[in-house]
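A closer look at the structure
These are the residues of each chain, in order.
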Amino acid sequence: MAHLTGKHVLAIVTNYGVEQDELLVPVRHLRDHGAVVTVASAQPGDIRTLVSDEKPGETVRPDTTIDAVDPAGFDLLLVPGGTINADALRQRPEAVAAVEAFASSGRPVAAICHGPWAIVEADRVKGATLTSYPSLATDVRNAGGTWVDQEVVRDEGAGFPLVTSRDPGDLPAFLREVDAALEA
């Protein structure tokens, strides 16, 4: 079951508003399969997750902060959603810089739900086909990407492997493609 041993994943989030299952399910899955996952938050201190953007979820202790981590040592960037998290994350230069570092080096980025906002903000969706929470469709199109309504999309049209899904209901398909991107 440890087929991801030796792989390093960086998850970036803000300290409030990340969708609980879009952070915790991938982190647990990846760790259970042997990957080393580093959770980096916007600021020091606990991460307060939400369920369905409104109900309090689990509290998570981050490993580091986004500005203190070097993206160069990681094989994949994970960008969970949650409307509040994703909207705040895309306004943080260090988060946008992390997306840019992965994209420009050809390493995979995996984003779910509202997470693709950070990729739009980094101007890295031009030429890509991706999915997201439906409310991001216009943003994706305006940034030069092709938005589709599918449970998961794995695409390299923007010059790097991009895995995207719509919402927590798509997590099984999302994780299957995240694993494939890490194994490629």
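Here, the structure is the one placed above.
Here we come to the overall build of the protein. Summing up its helical and strand segments, the protein has 6 helices and 12 strands in all. In terms of overall dimensions, the protein is globule-like: its C-alpha atoms have a radius of gyration of 14 Å, near the 16 Å expected for 184 residues. If one aligns the C-alpha atoms of the protein with their principal axes, the spans along those axes are about 35 × 35 × 30 Å. Looking at the protein as a whole, 55% of its 184 residues qualify as buried. Nonlocal contacts in the protein, meaning residues at least 24 apart in sequence, comprise 68% of its contacts between residues at least 6 apart. With an accessible surface of roughly 7500 Å², the protein has 47% of that area assigned to carbon and sulfur atoms. Side-chain charges of the protein comprise 15 positive and 27 negative groups, with the mean position of each set lying 1 Å from the other.

A few words now on the environment of Thr-129. Mapped onto the fold, Thr-129 is located in strand β9 (residues 129-130). C-alpha of Thr-129 to C-alpha of Arg-154: the two residues are 25 residues apart in sequence and 8.1 Å apart in space. In this structure, Thr-129 is in contact with Thr-146, Val-148, Val-153 and Asp-155, ignoring residues within four places of it in sequence.

Spatially, 7 strands are ordered β6-β3-β1-β7-β8-β12-β11 in an open sheet, and the strand pairing comes out mixed. The sheet terminates laterally at β6 (64-65) and β11 (152-155), the two strands that pair on one side only. Looking at chain direction, strand β3 (residues 36-41) and β6 are connected through 2 bridges and run parallel. Among the inter-strand pairings, Ala-40 is bridged to a residue of β6, identified as Thr-64. Where helix α3 (residues 93-104) meets the sheet, it contacts β1 (8-13), β7 (76-79) and β8 (109-112), and its direction lies at approximately 140° from that of β7. The strands touched by helix α6 (residues 171-183) are β1, β7, β8, β11 and β12 (162-165); relative to β11, the strand with the most contacts, the crossing angle is about 20°.

The next point concerns unusual backbone geometry. Not every positive phi belongs to a glycine, and Cys-113 is a case in point at roughly 65°. Checked against the element boundaries, Cys-113 lands in the loop between β8 and α4 (117-121). One non-glycine residue with positive phi stands out, namely Asp-123, at about 60°. Looking at the secondary structure, you find Asp-123 in the loop between α4 and β9.

Both faces of β8 are covered, namely the face carrying Val-109 and Ala-111 and the face carrying Ala-110 and Ile-112. Direction of pairing for β7 relative to β8: parallel, over a ladder of 3 bridges. From the neighbouring strand, Leu-78 faces β8, where its bridge partner is Ala-110. Across 4 bridges, the pairing between β8 and β12 is parallel. Note on β12: the bridge partner recorded for Ala-111 is Thr-164.

Counting across every chain of the model gives 0 aromatic pairs. We note Arg-90 situated over the ring of Trp-117; from NZ or CZ to the ring centre the distance is 4.0 Å. For Arg-107, the ring lying beneath its charged end belongs to Phe-102, and the centroid distance is 4.1 Å.

In this section: the side chain of Thr-164. Summarising the element assignment, Thr-164 is placed in strand β12. Residue classification places Thr-164 among the buried residues on the basis of a relative accessible area of 0%. A distance of 2.9 Å separates a polar side-chain atom of Thr-164 from the backbone nitrogen of Thr-131. Not counting the four nearest positions on each side in its chain, Thr-164 is found in contact with Ala-111, Pro-116, Leu-130, Thr-131, Glu-151, Val-152, Val-153 and Phe-174.

Parameters at a glance
- Residues numbered from 1 in each chain as written.
- Predicted model: local features only at pLDDT ≥ 70, side-chain atom pairs only at ≥ 80, totals over all residues.
- Heavy atoms only, no water.
- Helix = DSSP H or I, 4+ residues; strand = E, 2+ residues; numbered from the N terminus.
- Rg over C-alpha atoms; globule rule 2.2 N^0.38 Å.
- Buried < 20%, exposed > 50% of the residue type's maximum accessible area, 1.4 Å probe, protein only.
- Contact = heavy atoms within 4.5 Å.
- Areas by Shrake-Rupley, 256 points an atom, 1.4 Å probe, with all protein chains shown as cover.
- Lys, Arg positive; Asp, Glu negative; His and termini not counted.
- Charge placed at Lys NZ, Arg CZ, Asp CG, Glu CD.
- Pairing = 2+ DSSP bridges.
- Axes fitted to C-alpha atoms, helices over the stretch in contact; angles between N-to-C directions.
- Phe/Tyr/Trp six-rings, centres within 6.5 Å; stacked < 30°, edge-to-face > 60°.
- Lys NZ or Arg CZ within 6 Å of the ring centre and 35° of its normal.
- Polar contact = N/O pair within 3.5 Å; in protein donor to acceptor, adjacent residues only side chain to side chain.

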